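The lines below spell out each chain.
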Amino acid sequence: MPTNRVGTSVRALRGSELRCRGWRQETLLRLLENTLENGEDPANLVIYGGFAKAARDDQSLRRTMEALLNLEANETLVIQSGKPVGVFPGHSGAPLVLMATSNLVGRWANEAEFDRLEQRGLIMWGGYTAGDWQYIGSQGIVQGTYQTFAEVAGLHFGGSLVGELVLTAGLGGMGGAQPLAVLMAGGVSLCVEVDPAKIERRVQTGYLQDWTDSLSEALEWVDQARAAGDPRSIGLLGNASTVFPELLERGVVPSIVTDQTSTHDLRRGYIPGGLTPGEAEVLRQTDPERLVSLGKMSVRDHLSAMIEFMDRGAVVFEYGNNIRAQGRDAGVERAMEIPGFVHAYIRPLFCRGIGPFRWIAVSGDERDIDVIDAMVVGRFEGSIAAAWIPLARAHVRSQGLPSRIAWLGHGERTDLALMVNEAVASGAVRGPVAFTRDHLDAGGVAQPLRETEGMLDGSDAVSDWPLLDALLNAGNGADLVAIHGGGGGYSGYFQSAGVTVIADGTPEAATRLHSVLTGDTGIGVLRYADAGYDEALDAATASGLCVPPLRDGP
Ligand SMILES: NC(=O)c1ccc[n+]([C@@H]2O[C@H](COP(=O)([O-])OP(=O)(O)OC[C@H]3O[C@@H](n4cnc5c(N)ncnc54)[C@H](O)[C@@H]3O)[C@@H](O)[C@H]2O)c1
């Protein structure tokens, strides 16, 4: 089979060779390969988040790749939790790939049921972008992380993190973006990570500058950098559940405290205090209940320390890893006093449909990204995205196929994609470009402990919105549409929708890009307008997409 699988590692094909029956199919195949290329543990098909996978098992991966190689432009491949189940005749305006991943009927959406099904090979957890073949490595989360720290700086530190210390933990697939994002915002980060291999990986890929296993040495480096006003990123080999309390004992109060260890699942990703990752893995296989009960005790210490930092004046927030709910369940009474990052900092952007939009150049040619970077800066002057591009060019190393992420909003995404499609047609961009986004976006998700926490109208748990988003995207002919449920450690915690649409330079692609990207961001704006947010009401009125009247008239 002419796919780029060599042993257990996969590398996305670059260049002009067409293995599939069209460039749209070839693009999706390369995105799948790229997701595996960038994954944390590709041998086990695990991409990030401890166990978010790109395919259910090796056989499913092979069959999916074969199906993509043979897929006609007027057919639809249907994938159920990472396993290909059928190819249907459709038409050239229909999606090429439809997926439903980790969805369980409400009452059965719990960890025990998910585990039972997973052990029987009937379901897979796809995270957000792993299951949908949209993962572009830690770079995919860098701007979101930078944006969050920039918003925190604006609200609490006069707009700058210079001289401020950010304490966090977890340097995995997503969390690995934290040191670089803080560095770009001018601050000093101390990042606690229990696995030396993860620390090494972040140093090698340019996300982390230095590391040590000595807390005293790390604190010396912190003091020097803060005193000099130098941006600096420092890794500390250790366990957050013991290091955070030790910092309190030493009287250290960071400016900002957060965390991105994999606390969303105590059975796989989170390492309890006193254990190495290897010892935790042995326990997982021999006595998983003990692993969870040790994990609960550690989360209690870890989260209690975060609350104490908050009481001592630090700005503390949860960074989407569910540590508050895990801590609450483990008996930390004040767990939910810590704010979630979307509610505290990101929601106003979602109200305007602004979120993490990404594009991937399947040519493999970095110059394609240069061309698109210039378009963003020229077209969206004064926007968050235009300010971000020079920073990204200076600091973010490419991983896998050349790609970029930038926070663009309703209307902007459509404009950019149409410009790129024209550039593909003219040859200024050397190959097709896939446009996609994180599920953490205005229209893409309902997660009452993260993206939709504390909604103005109390609609946090209504998951009609991401389902409508997926329906709209499929109806509008996106190339790939996926519906995800919370499965696994996040059982019942979210419902989300993923979408990918490809600019291959054709007029048909222009039609698809226009309708899909307008609908995908538009439904997001309407979701927040419906909840009563003023910024969203204004954006919805300006977009002309709403069914009037949006506001109660006289
Ligand atoms: N902020 C966001 O937008 C966002 C997006 C996606 C995921 N997340 C959440 O962030 C968390 C991290 O995601 P990831 O993809 O980086 O996961 P990952 O599993 O790739 O990385 C987690 C890291 O934490 C380390 N770790 C585990 N327990 C530890 C402990 N007690 N002390 C120190 N280090 C420890 C692990 O060794 C690993 O390197 C997940 O819970 C994920 O769901 C957040």
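Residues numbered from 1 in each chain as written. Predicted model: local features only at pLDDT ≥ 70, side-chain atom pairs only at ≥ 80, totals over all residues. Heavy atoms only, no water.

## Looking at the side chain of Asn421
What counts here: The helix count covers DSSP runs of H or I at least four residues long, the strand count covers runs of E at least two residues long, and both are numbered beginning at the N terminus. Any pair of N or O atoms that falls within 3.5 Å is considered a polar contact. Within protein, one atom must be able to donate a hydrogen and the other to accept it, and sequence-neighbouring residues count only if both atoms are side-chain atoms. The criterion used for residue contact is that any of the two residues' heavy atoms lie within 4.5 Å.
With respect to the helices and strands, Asn421 occurs in helix H15 (residues 412–426). In terms of polar contacts, Asn421 uses its side chain to reach the backbone amide nitrogen of Asp504, at 3.3 Å. Residues in contact with Asn421, not counting those within four places in the same chain, are Ala503, Asp504, Gly505, Thr506, Ala509, Ala510 and Leu513.

## Focus: helix H18 (residues 534–543)
Quick note on the threshold: Burial here depends on accessible area, computed with a 1.4 Å probe over protein chains only, as a share of the maximum for the residue type. Under 20% is buried, over 50% is exposed, and the range in between is partly exposed. Note: the arc covers the axis-to-C-beta directions of the helix.
If you check which residues of H18 are buried, you get Ala536, Leu537 and Ala540. Angularly, the buried residues of H18 cover 100 degrees about the axis, an arc narrow enough to put them on a single face. For H18, the exposed residues set more than 90 degrees away from the buried face come down to Asp534 and Ala542. For H18, the elements touching its buried residues are helix H12 (341–351) and helix H17 (507–530). Residue Gly544 follows H18 closely and has a positive phi angle near 70 degrees.

## Looking at the site of the ligand
Our working rule: Whether a residue is near a molecule or strand depends on its heavy atoms: if one lies within 4 Å, it is near. With residues, only the protein chains shown are counted as cover, and all accessible areas are computed by Shrake-Rupley using a 1.4 Å probe. Ten residue types, Ala, Val, Leu, Ile, Met, Phe, Trp, Tyr, Cys and Pro, are classed as nonpolar, four, Asp, Glu, Lys and Arg, as charged, and the remainder, Gly among them, as polar.
Looking at the ligand, there are 32 residues lining it, with Met174, Glu193, Ser262, His264 and Ile271 nearest. Between the ligand and the protein, one listed contact pairs an oxygen atom with a backbone N or O atom of Gly173 at 2.9 Å. Met174 has a polar backbone atom sitting 2.8 Å from an oxygen atom of the ligand. Calculation on the ligand without its partners gives an accessible area of 860 Å², and the protein chains cover 95% of this total. A breakdown of the residues in the shell around the ligand according to their chemical character gives 13 nonpolar, 15 polar and four charged.

## Topic: the sheet that holds strand S10 (residues 210–212)
Where we set the bar: Two strands form a pair only when DSSP identifies at least two bridges running between them. Working convention: axes come from line fits to C-alpha atoms, limited for helices to the stretch in contact. Angles between N-to-C directions cover 0 to 180 degrees.
In spatial order, the strands read S10-S11-S9-S8-S12-S13; together these six strands make up an open sheet with parallel pairing. Looking at which strands have only one partner, the edges of the open sheet turn out to be S10 and strand S13 (315–316). Looking at chain direction, strand S12 (residues 256–257) and S13 are connected through two bridges and run parallel. Bridged to Ile256 within S13 is Val315. Running at roughly 175 degrees to strand S9 (residues 188–193), helix H5 (residues 177–184) makes contact with strand S8 (165–169), S9 and strand S11 (232–237) of the sheet.

## Overview of the domain arrangement of the protein
Quick note on the threshold: Marked domain ranges trace back to an automatic or database domain assignment. By definition, the buried area sums, over both parts, the 1.4 Å-probe accessible area that each loses when the two are put together. Any Lys or Arg side-chain nitrogen found within 4 Å of a carboxyl oxygen on Asp or Glu counts as a salt bridge.
Along its sequence, the protein is carved into domain 1 (4–119), domain 2 (139–339) and domain 3 (346–543). Here the C-alpha centre of domain 3 lies 20 Å away from the C-alpha centre of domain 1. It is Arg24, Leu31 and Met99 that lose the most area in domain 1 upon contact with domain 3, and together they represent 21% of the buried surface on that side. Taken together, domain 1 and domain 3 are joined by one salt bridge. One salt bridge connects Arg24 with Asp479, and the closest N-O pair in it is separated by 2.6 Å. Summed over the shared surface of domain 1 and domain 3, the number is 16 residue pairs in polar contact (both at pLDDT 80 or more).

## Here we look at the pairing of strand S14 (residues 355–361)
Burial within S14 is extensive, with seven of its seven residues counted as buried. Bridge count between S14 and strand S15 (residues 403–408): six bridges; the pairing is antiparallel. By the bridge assignment, Ile360 is partnered in S15 with Ser403. Across five bridges, the pairing between S14 and strand S16 (residues 433–437) is antiparallel. Across the sheet, residue Arg358 finds its bridge partner in S16, namely Thr436.

## Thoughts on helix H4 (residues 139–156)
In an α-helix there are 3.6 residues to a turn, and that puts residues three or four apart on one side. Applicable threshold: Take the number of residues in a helix, subtract one, and multiply by 1.5 Å to get its expected span.
The terminal C-alpha atoms of H4 lie 26 Å apart, and with 18 residues this matches the ideal 26 Å at 1.5 Å per residue to within 8%. Within H4, the full set of buried residues consists of Gln139, Gly140, Val142, Gln143, Gly144, Thr145, Tyr146, Gln147, Thr148, Phe149, Val152 and Ala153. A positive phi of about 60 degrees marks Gly158, the residue just after H4.

## Some points on the pattern of salt bridges
When their charged atoms lie close together, side chains carrying opposite charge are able to pair. Overall, the coordinates contain 39 salt bridges when judged by the stated rule. Across the pair Arg367 and Asp365 runs a salt bridge whose closest N-O atoms are separated by 2.7 Å. Classification of Arg367 as partly exposed rests on a relative accessible area of 47%. Judged by its relative accessible area of 17%, Asp365 is buried. The residue Asp373 makes a salt bridge to Arg404 at a minimum N-O spacing of 2.7 Å.

## With respect to the packing of H4 against H12
Which entries qualify depends on this criterion: Throughout this description, any angle smaller than 35 degrees is read as roughly parallel, any larger than 145 degrees as roughly antiparallel, any in the 65 to 115 degree range as roughly perpendicular, and the remainder as oblique.
Look at H4 against H12: their axes get within 10 Å of each other, and the N-to-C directions meet at 100 degrees. Our classification of the angle between H4 and H12 gives roughly perpendicular. Between H4, through Gln147, Thr148, Glu151, Val152, Leu155 and His156, and H12, the contact on the second element is made entirely by Phe341, Ala344, Tyr345, Ile346 and Leu349. By residue class, the composition of the contact of H4 with H12 is seven nonpolar, three polar and one charged.

## Regarding the side chain of Ser403
Along the chain, Ser403 falls in strand S15. A distance of 3.1 Å separates the side chain of Ser403 from the side chain of Gln139, its partner in a polar contact. Those residues in contact with Ser403, other than ones at most four positions away along the chain, are Ile136, Gln139, Trp359, Ile360, Ile369 and Ser398.

## As for the packing of aromatic side chains
The following threshold applies: Between 30 and 60 degrees the pair is tilted, below 30 it is stacked and above 60 it is edge-to-face, where a pair is any two Phe, Tyr or Trp rings, Trp via its six-membered ring, whose centres lie within 6.5 Å. Charge-over-ring placement is defined geometrically: NZ (Lys) or CZ (Arg) within 6 Å of the ring centre, and within 35 degrees of the ring normal.
According to the stated counting rule, one finds 16 aromatic pairs in the structure shown. Here the aromatic rings of Tyr146 and Trp388 are separated by 5.6 Å at their centres, their planes lie at 40 degrees, and the arrangement is tilted. Separated by 242 residues along the polypeptide, Tyr146 in helix H4 and Trp388 in helix H14 (residues 384–395) bring together distant segments of the chain. For Trp388, a relative accessible area of 2% translates into the label buried. Taken together, the ring pairs in this structure connect Phe149, Phe317, Tyr319, Phe341 and Tyr345 into an aromatic cluster. Cation over ring: Arg268 sits above Phe51, and NZ or CZ is 3.9 Å from the ring centre.

## Thoughts on empty space enclosed by the protein
Rules: In this analysis a 1.4 Å probe is tested at points of a 1 Å grid over the protein atoms alone, and where it fits but cannot get out there is a cavity; an open set with protein on both sides within 12 Å along at least five of seven lines is a pocket; lining residues have an atom within 4 Å of a point. Grid points are joined across faces, edges and corners, and a volume is the space filled by probe spheres set on the points.
Taken as a whole and assessed by the stated rule, the structure comprises three cavities of 30 Å³ or more. What the largest cavity holds in volume is close to 50 Å³. Lining the largest cavity we find Thr129, Tyr135, Gly137, Ser138, Gly140, Ile141, Met174, Arg358 and Asp438.

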